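# Survey of secondary and tertiary structure
Letter by letter, the chains look like this.
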Amino acid sequence: LSLALLLCGLFQFRDVSRPWYWAAGACFAGFLAVAFYHELLADTIRNCRLRVQMYRDAVARMDRRLKEIAVHPVPVADSIADASRDLDLIGPHSLHTLLASVHTREGVATLAHWFSHPANPEEIAQRQLAAQALRDQHQWREEFELLVRRLADSRAGRPGAAVKPQSEEGVFGNGDAAAHNGLDSAATGLVRWCLAAPWLPGHGWVLWMARAALAIFLITIPLAIFSLVPLVVAGPVLTGAFLLNFFLAVFFSGPIHDEFNQVTSGQREVAVYARLFQMVDQCQSHGGRLEALRALMFASQDDVRREIGRLGWLAWLASLRSDSIWFVPWLLMQFTGFYDIHILVFLERWKRRHGPQAAVWFRSLGEWEVLAATGRLSWDHPQWCWPEVSAANGVSDRVVAVDLGHPLIPVGKAVTNSVEVGPVGRFLLVTGSNMSGKSTLLRSLGLNAFLAQIGAPVFASQFCMPVMEISTSMRVSDSLADGVSFFMAELKRLKSIVDRADPSVRQPGRGQLFLLDEILQGTNSRERQIAVAAVVRSLTDAGSIGAISTHDLELAGANELAGRCDVVHFREHFVDQDGKKQMRFDYVMREGVSPTTNALKLLELVGLTPTDR
């Protein structure tokens, strides 16, 4: 309507005081007002949708309906890829999903790094204190999570778009470099741009030609308007300046827009980042890790919030070409003064001043996000305890857990057991019938050990452990493509675990916790006993501690294992229901070897008996 009124005025009237022009201007102003109001309304709707989803995810976490929660994939280092598969560390129903309030790339990179690199006891204690401080600031954590969800939402490309978990192939074994070493591989395009070399120093002549063309326009047009320069002179001069800008834009807009895309793709993100830094500055914290992180973010004289806000403004100016409202003005400025290169000057000036500090700012923000997630975990489960993690000394190392439960099973449904693994020279042998709870106990140990070593609460009333590298052999599979049988694949896994148990390979101050579930099933009983004894002897002699589960009751009595194992068991019982025998499990761990087996009974329950053969 505004354009139609303006055209009517141009064709019918010359006096700018005519109502056609005023009506056109009023309509255009009204259009801008409606457009801006629409943006505000859309932003409010987006926040409401994200908040509703955040509450739905919180309820799903409490009910352990974790597969309903959309999460961002975590790149897992090769060193813990096997443990990640075996323990459900990463995936649709996993420990990572339980900590699903981690959404930014920086937070995901920090979480990946913490999973694969156990911290020293002092660092773990500092993380615990920081998480406890954030746990009680429920309103702050909620608003902080809403903002990081907005970042994830903007990266997904549309409001409310959820990021689905990757397949296991996409998250396991991506290398230690992918597990966050200074935001190298998981950094945002913004951080990569901040750390990259500037474009302009090698193309200074392009900038000076663009400035010269702009100066010609700024000088010639006023002179022509006031008749100080005849049109026969001004016309060719302006045409030449236009052609110069046109050719500069054609040949150099591509690389300049590549620079812009690293910033403008996160245009909305920059404004959210500014708000996140403001929330960090306003968070109530007293000393400890939070103050140390805040010092890293606000150590310089430059106000992080102000500088990130300034970068957001520059990102908006750099994105005018993709804005439906400002595209026409941008087109005019582009071909009269090569607009893009002048914006690049301001962006690279910001980069020179703040680029080296950007990685520190964002890395610290990612750590705040993970600490807030562990604090929320403690808020959701106040009955969980904060573990005691000590340095491995190679003499009396042991894992002691009281009322230990599986963190991925709802608290009201999980059966807890008290268990002790170690000291060095001994291991826990878990016996029992099928489905009685042996594997669940091993996974409970492994998952809670991972939680303890990232500074999070654990599902137990008391939990003590040294700093340990966790090695597992549970979900081993064969590979037809590589020509590897199940038995050979399991042998390779065990060889890897034994190699990593070597004290000369492990990092100083770290032990090894091995968790082996029903190993070497592909051979006969006697050979299995000899092979398991050899594996256990190698592990315990190297100073490792751990647990092995088996339903082979003869293994518990093998002479080769005598004096090295503490034997416990799980059992089943039967009840009469509607005249039929029903098998029940109480999942309670007891001392000694299992007195029962249930393989034949299970055959009968599913309608298969020995007589069927």
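Before reading further, recall that the structure is shown in the block above.
This text gives an overview of the structure that appears in the document. None of these values were measured; they are calculated from a predicted model.

## A short note on the environment of Gly337
Assignment of secondary structure puts Gly337 in helix H15 (residues 327-337). Taking the relative accessible area as the measure of exposure, Gly337 reaches 3% and is therefore buried. Once the C-alpha coordinates of Gly337 and Leu214 are considered, the two residues, 123 residues apart in sequence, prove to be 4.4 Å apart. Among residues more than four places away in sequence, those in contact with Gly337 are Ala210, Leu214, Asn245 and His342.

## Things to note about a nonpolar patch on the surface
A cluster of nonpolar side chains, namely Phe242, Leu243, Phe246, Phe247, Val250 and Phe251, defines an oily patch on the protein surface of about 580 Å² accessible area. Position of Phe242 among the secondary structure elements: in helix H11 (residues 231-264).

## Quick notes on the packing of aromatic side chains
A full pass over the atoms with the stated rule returns 16 aromatic pairs. Residues Trp199 and Phe252 carry aromatic rings whose centres are separated by 6.5 Å and whose planes lie at 65° to one another, so their mutual orientation is edge-to-face. With Trp199 in the loop between helix H9 (189-195) and helix H10 (204-225) and Phe252 in helix H11, this pair connects stretches of sequence that are 53 residues apart. Across the pair, Phe252 and Trp199 agree in class, each one buried. Here the aromatic rings of Phe327 and Trp330 are separated by 5.7 Å at their centres, their planes lie at 35°, and the arrangement is tilted. Taken together, the residues span about one helical turn, with Phe327 and Trp330 both in helix H15 at a distance of three residues.

## Observations concerning the packing of helix H18 (residues 486-501) against helix H19 (residues 525-541)
One can describe the packing of H18 onto H19 by two numbers: an axis separation of 8 Å at closest approach and a directional angle of 20°. One way to sum up the angle between H18 and H19 is to call them roughly parallel. In this structure, H18 crosses over H19, and the sense of that crossing is left-handed. Contacts between H18 and H19 involve Leu494, Ile497, Val498 and Ala501 from the first element and Val535, Ser538 and Leu539 from the second. Looking at side-chain class alone, the contact of H18 with H19 contains six nonpolar, one polar and no charged residues.

## Section: helix H17 (residues 438-453)
In this model H17 runs 23 Å from its N-terminal to its C-terminal C-alpha over 16 residues, within 8% of the 22 Å that 1.5 Å per residue would give. By the criterion of burial, H17 is predominantly enclosed, with 14 of the 16 residues buried. Looking at the residues trailing H17, positive phi occurs at Gly455, about 90°.

## Here's the deal with the sheet that holds strand S1 (residues 388-390)
On the basis of which strands lie adjacent, the open sheet formed by four strands has the order S1-S5-S2-S3 and mixed pairing. The outermost strands of the open sheet, each flanked by one partner alone, are S1 and strand S3 (417-421). On average, each strand axis in the sheet is inclined to that of its neighbour by 15°, with strand direction left out of account. Direction of pairing for S1 relative to strand S5 (residues 462-466): parallel, over a ladder of three bridges. Within the sheet, the bridge partner assigned to Ser390 lies in S5 and is Pro466.

Reading the values: the criteria
Residues numbered from 1 in each chain as written. Predicted model: local features only at pLDDT ≥ 70, side-chain atom pairs only at ≥ 80, totals over all residues. Heavy atoms only, no water. Helix = DSSP H or I, 4+ residues; strand = E, 2+ residues; numbered from the N terminus. Buried < 20%, exposed > 50% of the residue type's maximum accessible area, 1.4 Å probe, protein only. Contact = heavy atoms within 4.5 Å. Patch = residues over 30% accessible without salt bridge, like charges linked within 9 Å, V, L, I, M, F, W, Y side chains within 5 Å. Areas by Shrake-Rupley, 256 points an atom, 1.4 Å probe, with all protein chains shown as cover. Salt bridge = Lys/Arg side-chain N within 4 Å of Asp/Glu carboxyl O. Phe/Tyr/Trp six-rings, centres within 6.5 Å; stacked < 30°, edge-to-face > 60°. Axes fitted to C-alpha atoms, helices over the stretch in contact; angles between N-to-C directions. Parallel < 35°, antiparallel > 145°, perpendicular 65-115°, else oblique. Left-handed = near helix turned anticlockwise from the far one by under 90°. Nonpolar A, V, L, I, M, F, W, Y, C, P; charged D, E, K, R; others polar. Expected span 1.5 Å × (residues − 1). Pairing = 2+ DSSP bridges.

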